[in-house]
Amino acid sequence: MIAALAAAAVGLLSAFLPFTPAEPYLIAAVATTGTPPVALGVAAAAGQTVGKILIFLAARGAIRSAWLQRRLSRRPPAAPRRPGRPGLLLARPKAAGARLVEVLERPRQATGMLLVSAVSGFPPLLAASVYLGRTPMRPVAFAATCLLGRAIRFVAVALAPQLAGY
């Protein structure tokens, strides 16, 4: 019970501080305590999901704030210039990135990207949480997808010592 609460706390902490991953704690807790690995994995996933929801909601609120909107509207538009050689070389990757962002504005594609990010860590879930905060994705869908993906990841990590024979 205490190990599961600690796993949730570690998950919450790692949601805000990416340099404090929960995975090493999970492996150590499984190896040294009698707590079931699935319980530790789900607890860490729940803690990290709470943190990512806070980041998601903060990004959503900051983008809609009146202060930020005034600040962004003050910038003068840049005068169009003829791109140099580096600009020409980067034109195709920039266009591909713009198409990717356009696709991610659709809720189904964004949900799939979030699930991949939550399971694999690529793209980083912190960055995905901030980005998805400015999309029309519902917070409930974000929370459910994030919890599912993180639970898959952390349960797999927590079961690793048993699979290795410890």
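Check the entry above for the structure.
About the thresholds
- Residues numbered from 1 in each chain as written.
- Predicted model: local features only at pLDDT ≥ 70, side-chain atom pairs only at ≥ 80, totals over all residues.
- Heavy atoms only, no water.
- Helix = DSSP H or I, 4+ residues; strand = E, 2+ residues; numbered from the N terminus.
- Buried < 20%, exposed > 50% of the residue type's maximum accessible area, 1.4 Å probe, protein only.
- Contact = heavy atoms within 4.5 Å.
- Phe/Tyr/Trp six-rings, centres within 6.5 Å; stacked < 30°, edge-to-face > 60°.
- Core = buried A, V, L, I, M, F, W, Y, C linked by side-chain atoms within 4.5 Å.
- Patch = residues over 30% accessible without salt bridge, like charges linked within 9 Å, V, L, I, M, F, W, Y side chains within 5 Å.
- Areas by Shrake-Rupley, 256 points an atom, 1.4 Å probe, with all protein chains shown as cover.
- Salt bridge = Lys/Arg side-chain N within 4 Å of Asp/Glu carboxyl O.
- Arc of directions from axis to C-beta.
- Polar contact = N/O pair within 3.5 Å; in protein donor to acceptor, adjacent residues only side chain to side chain.

Enquirer: Describe the overall build of the protein chain, listing the residues and the values that go with them.
Expert: Within the protein chain, the secondary structure is distributed over 8 helices and 0 strands. Listing each helix as α and each strand as β along the protein chain from the N terminus yields α-α-α-α-α-α-α-α. The buried share of the protein chain, taken over its 166 residues, is 32%. The long-range share in the protein chain, meaning contacts at least 24 apart out of those at least 6 apart in sequence, stands at 75%.

Enquirer: Before we move on, could you go through the packing of aromatic side chains and cite the residues and values that matter?
Expert: Two measures describe an aromatic ring pair: the distance that separates the ring centres and the angle between the ring planes. Enumeration over the complete set of coordinates arrives at 1 aromatic pair. Measuring from ring centre to ring centre gives 4.3 Å for F56 and F142, while their planes differ by 15°; the resulting arrangement is stacked. In this pair, F56 is assigned in helix α3 (residues 37-63) and F142 in helix α8 (residues 139-163), connecting sequence segments 86 residues apart. Classification of F142 as buried rests on a relative accessible area of 0%.

Enquirer: Please give an account of the nonpolar core that cites residues and values.
Expert: Residues A7, L26, L40, A44 and F154 are the most contacted members of the largest nonpolar core, which totals 15 residues. Elements with a minimum of two residues in this core: α1 (2-16), α2 (23-32), α3 and α8. Beyond its immediate chain neighbours, meaning those up to four positions away, A44 contacts A7, A8, G11, L26 and F154. Counting 13 residues, the second-largest nonpolar core is a separate cluster that includes M113, L114, L125 and A128.

Enquirer: Any chance you could break down the environment of A143 for me, citing the residues and the numbers?
Expert: In this fold, A143 is placed in helix α8. Spatially, the C-alpha atoms of A143 and V50 are 8.0 Å apart, while their sequence positions differ by 93 residues. Setting aside chain neighbours within four positions, we find A143 in contact with T49 and I53.

Enquirer: Describe a nonpolar patch on the surface, listing the residues and the values that go with them.
Expert: A cluster of nonpolar side chains, namely L12, L13, F16, L17, F19, V50 and L54, defines an oily patch on the protein surface of about 640 Å² accessible area. Of all the secondary-structure elements, those providing two or more residues to the nonpolar patch are α1 and α3. Sort the elements by how many residues they give to the nonpolar patch and α1 lands first, with 3 residues. The residue F16 is located in helix α1 in this model. Taking the relative accessible area as the measure of exposure, F16 reaches 39% and is therefore partly exposed.

Enquirer: Residue-level account of α2, with values.
Expert: Turning to α2, its buried residues number three or more, namely E23, L26, A29 and V30. Down the axis, α2 shows its buried residues gathered within 125° of arc, on one side only. What points out from α2, more than 90 degrees from its buried face, is the exposed set P24, A31 and T32.

Enquirer: Describe in detail the pattern of salt bridges, supporting the description with residues and values.
Expert: Considering all chains together, one arrives at 1 salt bridge under this definition. E23 is the partner of R153 in a salt bridge, and the nearest nitrogen-oxygen pair spans 2.7 Å. Placement of R153 in helix α8 and of E23 in helix α2 is noted, with a sequence separation of 130 residues between them. Classification of E23 as buried rests on a relative accessible area of 15%.

Enquirer: Go over the environment of T33 with me, naming the residues and quoting the values.
Expert: On the secondary structure map, T33 appears in the loop between α2 and α3. Spatially, the C-alpha atoms of T33 and I2 are 9.9 Å apart, while their sequence positions differ by 31 residues. If near-sequence neighbours (up to four positions away) are discounted, T33 is found in contact with A3 and L40. Among the polar contacts listed, one links the side chain of T33 to the backbone oxygen of A29, at a separation of 2.5 Å. Polar side-chain contacts of T33 include one of 3.4 Å to the side chain of T35.

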